[in-house]
Amino acid sequence: MTTFVTFARLILFLENKRMSEENAEYAPEVCCHCGGIGCMYCNKKGTVMVPQPAQKCRHCDGDCCIYCGYTGWERPLKEY
Ligand SMILES: [Zn+2]
Ligand SMILES: [Zn+2]
């Protein structure tokens, strides 16, 4: 579990770094698939980084589909 926390922090760190580098305006939005509990699609964080202004996925309108990576948001930042 400690390893996972460390890993999550590393991801966040890299995320912030990438954000500032690209100067993109991303903000965390509650994952539509799990409603914030955390699931495999949001990296168990309950939120996904979405370009602002955040828009619901135009394919499923927030119902989750393959186009939004099952997060319900338009162009969510992928974290792998
Ligand atoms: Zn989720
Ligand atoms: Zn969708």
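An account of the accompanying structure is given in this report. Sequence order as written defines residue numbering, which begins from 1 separately in each chain. Here chains are named by letter from A upward and ligands by number from 1 upward, in the order in which they appear as written. Only residues with pLDDT of 70 or above have their local features reported here, since the model is predicted, and side-chain atom pairs are shown and tallied only from 80 upward, although totals for entire chains, interfaces and linings are computed over all residues.

**Observations regarding the environment of Tyr70**
- Each helix is a run of H or I in the DSSP string that is no shorter than four residues. Each strand is a run of E no shorter than two, and both are numbered from the N terminus. Looking at where Tyr70 falls in the secondary structure, it is placed in the segment after strand S2 (47-51).
- Between the alpha carbons of Tyr70 and His33 there is a distance of 6.2 Å; along the sequence they are 37 residues apart.
- Whether two residues are in contact is decided by their C-beta atoms, placed from the backbone, lying within 7 Å. Apart from the residues within four sequence positions on either side, Tyr70 is in contact with His33, Tyr41 and Cys64.

**A look at the nonpolar core**
- In these notes, a nonpolar core means any group of buried Ala, Val, Leu, Ile, Met, Phe, Trp, Tyr and Cys residues linked to one another through C-beta atoms within 7 Å. Put plainly, a residue is buried at 20 or more neighbouring C-beta atoms within 10 Å of its own, exposed at 12 or fewer, and partly exposed in between, counting only other residues' C-beta atoms, which are placed from the backbone. Counting residues in each nonpolar core, the largest one holds 12 residues, listed as Cys31, Cys32, Cys34, Cys42, Val48, Met49, Val50, Cys57, Cys64, Cys68, Tyr70 and Trp73.
- What Cys57 contacts, discounting residues up to four positions off in sequence, is Gly62, Cys65, Tyr67, Cys68, Gly72, Trp73 and Glu74.

**Some words on the environment of Ala27**
- Tracing the chain through its elements places Ala27 in strand S1 (residues 26-30).
- On the basis of neighbour counts, which here come to 13 C-beta atoms within 10 Å, the residue Ala27 falls in the partly exposed class.
- C-alpha separation for the pair Ala27 and Thr47, spaced 20 residues apart in sequence, amounts to 9.3 Å.
- In this structure, Ala27 is in contact with Val50, Gln52 and Ala54, ignoring residues within four places of it in sequence.

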